[in-house]
Amino acid sequence: MRVLVTGGLGFIGSNFILHMLETYSDVSITNLDLITYAGNLENLKDTDRHGDRYQFVKGDIADRNLVDDVVSRKPDVIVNFAAESHVDRSILDASQFLRTNVIGTQALLDCCRKYKIDRYVQISTDEVYGSLGPSDAPFTETNDLKPNSPYSASKASADLLVRAYYKTYGMDAVITRCSNNYGPLQFPEKLIPLMITNAVQDIELPVYGDGMNVRDWIHVMDHCRSIDTVMRKGKTGQIYNVGGSCEHHNIDIVRLILTKLGKPDSLIKYVSDRPGHDRRYAMNAQKLSNELGWTPLISFEQGIEQTIKWYVENEPWWRRIKTGEYLTYYEKWYGSLQK
Ligand code: NAD
Ligand code: DAU
């Protein structure tokens, strides 16, 4: 199987590529990534050992000519991870979110249609459903789309485009909507890696508002296995929720990290709330487990332990990000990665 992955230098995309290359010997991957601030060549530096089964192309999914060229090589499937993914950045400026998340998705869909690609997989998010009250049932695939941030609005727009291409052109497309991921290789601007790395550095841990917002956590490898499952077995035109059934208040996650690292609660600093901050997300992933047989395998207790250990053992990786040094890898490695 020849898979075109977009955004494969980011957190989830790089874990997915590693999962696919290591699990299947008959899979080859082309990774199209713009290398934005969130794309890190170091995440996939070990792919050399997979030889020609991994190929990197630097470029923008909103660049139609480039996308046309890459898709004309006729992969069997396209899995679109490429996105601007950080809610806080979307609040500061939504422009790039619309370009990548909406226009970029459109370019991929058009080329997918033109070259009759067998399947298109859109990696979406629980945030498209908006926010839940404390006693609301978890989101199902039939919930209305009620995005509250520019980021989630751009992701919801992309989902609607995918639906429209399936309905109008009969394109084979599926959408996954996952809850909050955590695990190795996550950029340390997101809650869990930010809190772990700040705690290691003995700097303040900024908690938004009252810290009582709830997220439904899933280990990135469980998410990657769900994408693999949907890519192979998902029914065309369907949406699949993915989640860990693992709700936690932010403040409890932060306190847990401090305890595990032997650091004091005095490092916690309550700061102004995020504008439009969604109070609670929770996913009902029954459809995915009943129809396709997927279930998460990694408990939060195991996963958070492994994740904290990974950040402690890979301090040079995140320190290079926090200092900005990782941005120079393009020059250092691009030559050897381009085939
Ligand atoms: P990330 O920010 O870590 O990585 C995004 C990647 O996309 C980077 O490598 C970046 O260089 C690349 N990229 C950005 N703009 C691009 C463009 N125009 N063309 C090509 N490449 C571009 O994101 P992530 O956390 O790995 O999320 C991946 C996908 O999963 C996103 O679509 C996101 O919406 C979705 N998602 C994330 C989570 C989560 O908890 N992180 C949960 C559910 C869904
Ligand atoms: O739910 C899936 C989404 O999860 C993905 O679609 C997004 O791409 C991903 O970024 C993530 O969005 P969140 O906004 O939920 O994740 P973030 O790590 O930014 O924040 C998690 C919670 O922690 C949220 O309630 C805000 C809070 N927070 C976050 C940061 C960065 C803090 O309290 N302090 C912080 O410094």
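Each remark here, short or long, concerns the structure printed above.
These notes cover the structure that comes with them. Predicted, not measured: the structure shown is a model, and the values here were computed from it. (Residues numbered from 1 in each chain as written. Chains lettered and ligands numbered in written order. Predicted model: local features only at pLDDT ≥ 70, side-chain atom pairs only at ≥ 80, totals over all residues. Heavy atoms only, no water.)

Observations regarding the overall build of the protein chain
- When helices and strands are tallied, the protein chain shows twelve helices and twelve strands.
- In summary, the protein chain has a C-alpha radius of gyration of 19 Å against a globular reference of 20 Å for 339 residues, a match within 12%.
- On the principal axes, the C-alpha backbone points of the protein chain span a range of 55 × 45 × 40 Å.
- Classification of the 339 residues of the protein chain by burial places 54% in the buried group.
- Contacts in the protein chain between residues far apart in sequence, at least 24 positions, make up 84% of those at least 6 positions apart.
- A distance of 4 Å separates the average location of the 39 positive side-chain charges in the protein chain from that of its 43 negative side-chain charges. (Helix = DSSP H or I, 4+ residues; strand = E, 2+ residues; numbered from the N terminus. Rg over C-alpha atoms; globule rule 2.2 N^0.38 Å. Buried < 20%, exposed > 50% of the residue type's maximum accessible area, 1.4 Å probe, protein only. Contact = heavy atoms within 4.5 Å. Lys, Arg positive; Asp, Glu negative; His and termini not counted. Charge placed at Lys NZ, Arg CZ, Asp CG, Glu CD.)

A few points about the sheet that holds strand β4 (residues 77-80)
- Taking strand neighbours across the sheet as the criterion, the seven strands line up as β3-β2-β1-β4-β5-β6-β10 in an open arrangement whose pairing is parallel. This sheet does not close on itself; its edge strands, each paired only once, are β3 (54-58) and β10 (239-242). Averaged over all adjacent pairs, the angle separating strand axes in this sheet is 20 degrees, with direction ignored.
- With six bridges joining them, strand β5 (residues 119-125) and strand β6 (residues 173-178) adopt parallel strand pairing. For glutamine 122, the partnering residue across the bridge sits in β6 and is isoleucine 175.
- Sitting on the sheet, helix α4 (residues 95-114) touches β1 (2-6), β4 and β5, and the angle it makes with β5 is about 165 degrees.
- Seen against the sheet, helix α5 (residues 150-169) touches β5 and β6 and runs at an angle of roughly 155 degrees to β5. (Pairing = 2+ DSSP bridges. Axes fitted to C-alpha atoms, helices over the stretch in contact; angles between N-to-C directions.)

Examining the environment of serine 154
- Among the structural elements, serine 154 can be located in helix α5.
- For serine 154, a relative accessible area of 0% corresponds to the buried category.
- Note: C-alpha distance between serine 154 and threonine 100 (54 residues apart in sequence) is 8.9 Å.
- Not counting the four nearest positions on each side in its chain, serine 154 is found in contact with Phe97, Leu98, Asn101 and Val102.
- Within the structure, serine 154 has its side chain in polar contact with the backbone oxygen of tyrosine 151 (distance 2.6 Å). (Polar contact = N/O pair within 3.5 Å; in protein donor to acceptor, adjacent residues only side chain to side chain.)

What about the site of ligand 2?
- Taken together, 23 residues sit near ligand 2, with Asp126, Tyr151, Asn180, Arg274 and His277 positioned nearest.
- Here an oxygen atom of ligand 2 sits 2.7 Å away from a polar atom, N or O, in the main chain of leucine 191.
- Residue proline 206 places a main-chain N or O atom 2.8 Å away from a nitrogen atom belonging to ligand 2.
- Isolated, ligand 2 exposes 690 Å² of accessible area, and the fraction of that covered by the protein chains is 94%.
- Tallied by class, the residues present in the shell around ligand 2 amount to nine nonpolar, eight polar and six charged. (Near = heavy atom within 4 Å. Areas by Shrake-Rupley, 256 points an atom, 1.4 Å probe, with all protein chains shown as cover. Nonpolar A, V, L, I, M, F, W, Y, C, P; charged D, E, K, R; others polar.)

Observations regarding the side chain of glutamate 189
- Tracing the chain through its elements places glutamate 189 in the loop between β7 (180-182) and α6 (191-200).
- On the basis of relative accessibility, which here comes to 15%, the residue glutamate 189 falls in the buried class.
- Among the polar contacts made by the side chain of glutamate 189, one reaches the side chain of tyrosine 37 at a distance of 2.7 Å.
- Here arginine 89 takes part through its side chain, which lies 2.7 Å from a polar atom of the side chain of glutamate 189.
- Discounting chain neighbours no more than four positions away, the residues touching glutamate 189 are Tyr37, His86, Arg89 and Leu194.

Some points on empty space enclosed by the protein
- A complete count under the given rule lists one cavity of 30 Å³ or more for this structure.
- There is about 50 Å³ of room inside the largest cavity.
- In terms of lining, the largest cavity is formed by Val87, Ile91, Glu127, Ser149, Arg215, Arg274, Pro275, Gly276, His277, Asp278 and Tyr281.
- Per-class residue counts for the lining of the largest cavity are four nonpolar, three polar and four charged. (1 Å grid on protein atoms, 1.4 Å probe; cavity = no way out; pocket = protein on both sides within 12 Å on 5 of 7 lines; lining within 4 Å. Points joined across faces, edges and corners; volume = space filled by probe spheres on them.)

A look at unusual backbone geometry
- With phi around 50 degrees, lysine 116 is a residue other than glycine that occupies positive phi space.
- Residue classification places lysine 116 among the exposed residues on the basis of a relative accessible area of 66%.
- Residues other than glycine seldom take positive phi values, yet aspartate 202 does so here, at roughly 55 degrees.
- Mapped onto the fold, aspartate 202 is located in the loop between α6 and β8 (205-208).

So, to be careful, I would describe these as geometric facts and stop short of saying anything about function.
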